[in-house]
2 protein chains.
Amino acid sequence: MTEIKNQPIQTFLDELASKSATPGGGSAAALMGAQGAALVSMVCNLTIGKPKFAEVEAEMQEVLGKAEALRSQLTGLIQADIDVFNRLMSKYALPKDSDDEKAIRSAAIQEVLKDATAVPMQCVHACVDVIRLSKVAAEKGNPSAVSDAGAAVMAAYGGLKSSALNVYINAGSLKDKVYAEDKLSELEQLIEGVDKLIDDIYQTVKTRL
Amino acid sequence: MTEIKNQPIQTFLDELASKSATPGGGSAAALMGAQGAALVSMVCNLTIGKPKFAEVEAEMQEVLGKAEALRSQLTGLIQADIDVFNRLMSKYALPKDSDDEKAIRSAAIQEVLKDATAVPMQCVHACVDVIRLSKVAAEKGNPSAVSDAGAAVMAAYGGLKSSALNVYINAGSLKDKVYAEDKLSELEQLIEGVDKLIDDIYQTVKTRL
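An account of the accompanying structure is given in this report. Note that the structure is predicted; figures quoted are calculated from it, not measured. (Residues numbered from 1 in each chain as written. Chains lettered and ligands numbered in written order. Predicted model: local features only at pLDDT ≥ 70, side-chain atom pairs only at ≥ 80, totals over all residues. Heavy atoms only, no water.)

**Remarks on the interface of chain B and chain A**
Interface size is commonly expressed as the accessible area that is lost once the parts come together. Facing 53 residues of chain B, the contacting portion of chain A comprises 53 residues. Together, the buried faces of chain B and chain A total about 4400 Å²; carbon and sulfur atoms form 67% of this surface. In terms of surface lost to chain A, no three residues of chain B exceed Ile9, Gln35 and Leu165 of chain B, which account for 15% of the buried area on that side. Between chain B and chain A we count 2 salt bridges in total. Note that Arg71 of chain B and Asp14 of chain A form a salt bridge whose closest N and O atoms lie 2.8 Å from each other. Summed over the shared surface of chain B and chain A, the result is 23 residue pairs in polar contact (both at pLDDT 80 or more). A per-element tally of the side of chain B that touches chain A places helix H5 (residues 146–172) of chain B first, with 15 residues. Grouping the amino acids of the side of chain B that touches chain A by side-chain chemistry returns 29 nonpolar, 16 polar and 8 charged. (Contact = heavy atoms within 4.5 Å. Buried area = accessible area lost by both parts, 1.4 Å probe. Salt bridge = Lys/Arg side-chain N within 4 Å of Asp/Glu carboxyl O. Polar contact = N/O pair within 3.5 Å; in protein donor to acceptor, adjacent residues only side chain to side chain. Helix = DSSP H or I, 4+ residues; strand = E, 2+ residues; numbered from the N terminus. Nonpolar A, V, L, I, M, F, W, Y, C, P; charged D, E, K, R; others polar.)

**A short note on the relation of the copies chain B and chain A**
Superposition of the two copies of the chain requires a rotation about an axis and a shift along the axis. Between chain B and chain A, which share one sequence, the superposing operator has a rotation angle of 180 degrees and an axial displacement of 0.0 Å; the RMSD is 0.0 Å. Given the turn and translation reported, the copies of this chain are related as if by a two-fold rotation axis. Residues of chain B ranked by C-alpha distance from the rotation axis are headed by Pro8 of chain B, positioned 1.9 Å from it. Here 100% of the contact residues of chain B are again contact residues in chain A; the copies associate through an equivalent surface. (Least-squares fit on C-alpha atoms with pLDDT ≥ 70 in both.)

**Regarding the pattern of salt bridges**
For the structure shown, the criterion picks out 20 salt bridges over all chains. Put simply, Glu186 of chain A and Lys183 of chain A hold a salt bridge, and the shortest N to O gap is 3.3 Å. Pair noted here: Glu186 of chain A and Lys183 of chain A are both in helix H6 (residues 177–191), with a separation of 3 residues, about one helical turn. Since its relative accessible area comes to 24%, Glu186 of chain A is described here as partly exposed. Residues Asp115 of chain B and Arg87 of chain B are paired through a salt bridge, measuring 2.9 Å at the closest nitrogen-oxygen approach. (Buried < 20%, exposed > 50% of the residue type's maximum accessible area, 1.4 Å probe, protein only.)

**Description of the packing of helix H2 (residues 25–45) of chain A against helix H2 (residues 25–45) of chain B**
At a minimum axis separation of 11 Å, H2 of chain A and H2 of chain B run at an interaxial angle of 175 degrees. As judged from the angle between their axes, H2 of chain A and H2 of chain B are roughly antiparallel. On H2 of chain B, the residues touching Gly25, Ala28, Leu31, Met32, Gln35 and Leu39 of chain A of H2 of chain A are Gly25, Ala28, Leu31, Met32, Gln35 and Leu39 of chain B. Of the residues contributing to the contact of H2 of chain A with H2 of chain B, the split by class is 8 nonpolar, 4 polar and no charged. (Axes fitted to C-alpha atoms, helices over the stretch in contact; angles between N-to-C directions. Parallel < 35°, antiparallel > 145°, perpendicular 65-115°, else oblique.)

**Considering the side chain of Arg71 of chain B**
Topologically, Arg71 of chain B is positioned in helix H3 (residues 57–92). Assessed through its relative accessible area of 8%, Arg71 of chain B is described here as buried. Reaching out from Arg71 of chain B, the side chain makes a polar contact with the backbone oxygen of Leu13 of chain A at a distance of 3.4 Å. Arg71 of chain B has contacts with Gln10, Leu13, Asp14 and Ala17 of chain A together with Ala34, Ala37 and Ala38 of chain B, leaving out every residue within four places of it along the chain.

**Considering the packing of aromatic side chains**
Within the structure shown, the criterion is met by 0 aromatic pairs over all chains. Sitting over the ring of Tyr179 of chain A, Lys114 of chain A keeps its end group 4.5 Å from the ring centre. Directly above the ring of Tyr202 of chain B sits Lys161 of chain A, whose terminal nitrogen or CZ lies 4.2 Å from the centroid. (Phe/Tyr/Trp six-rings, centres within 6.5 Å; stacked < 30°, edge-to-face > 60°. Lys NZ or Arg CZ within 6 Å of the ring centre and 35° of its normal.)

Okay, structure coming up:
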């Protein structure tokens, strides 16, 4: 199986649209996040090396480094979402005829459900980081590329809100309620104030267009 | 040059991140919209043909047809954004030494600017349509796929808000102020109430998770 990042965009979209469960919203979320990170990098690359923006050169270099690391992580999460979903489905497919089998199956499902919660949570974390970087790009990057910073923030926001849904689902299926509550509370902390932040960055972009 | 939809995702992201002006936020917006349309189709495809959802079968078939047409249009807009930007840049590169040359150059720029306004406006229209379809998918589609409907609405929203920025920029550079105001007023009408609609759909998704 070709890793998804090496597939043509058209193939990815065709498979996303199909009745096959993967790729689904989780992979799309990671791709949105990766697009957001790429667009932050674009703004940095159109700012760095230009005498006019010498004052923010060092900061843009730092933002670029972070954005590229996040892009790499988020691109990997497109595939990771598929892999963990397939692992989960393989556990649901385990036999459940005897009580022993039921217990083994349930334990296996619960174990993978923790990973299936962790993967979209990583996507949420990375998207929040991309949003913060896009704020710097929008405020200090080359104004010729400010609309790209605006697209960056919206892409990362889409990735964040979409992957949050998968955290809710998978955490909700966990029997370890303490662990689940811990993850849900981590998520709430991460997304608190994000709607307002997005609006602020978008308005900054509009005033610099 | 390979049409962008036939490029691997990794190549697209690398080019998006680079200092090259294309692909940029406009292409990313169209890809977000196309992902949204694909995810609506996915929900339909996971609903259609299942006896449990026979009541909404006809409606889901209709939604699927519309979503697939929008996906095709939005996938084309990934490339169209690049093409119109390159055409615009070629007009800016025209000689401007004499008054005659200046007049020819300016007229050529203004002509292409109308197309450069129309392309992201098509993306806004298509994304609004995807959002409306995602509402039906979220409300009536197979609940097992409701998080995919949630990702659909967020992807289309990202595409809409990102492409709107390119309408603002290009309409703002038009000398034909009547035409520009007409386009900006069309845009305002399209996006009016969308923030509220997105919140409502997202909440619907959360309650059906």
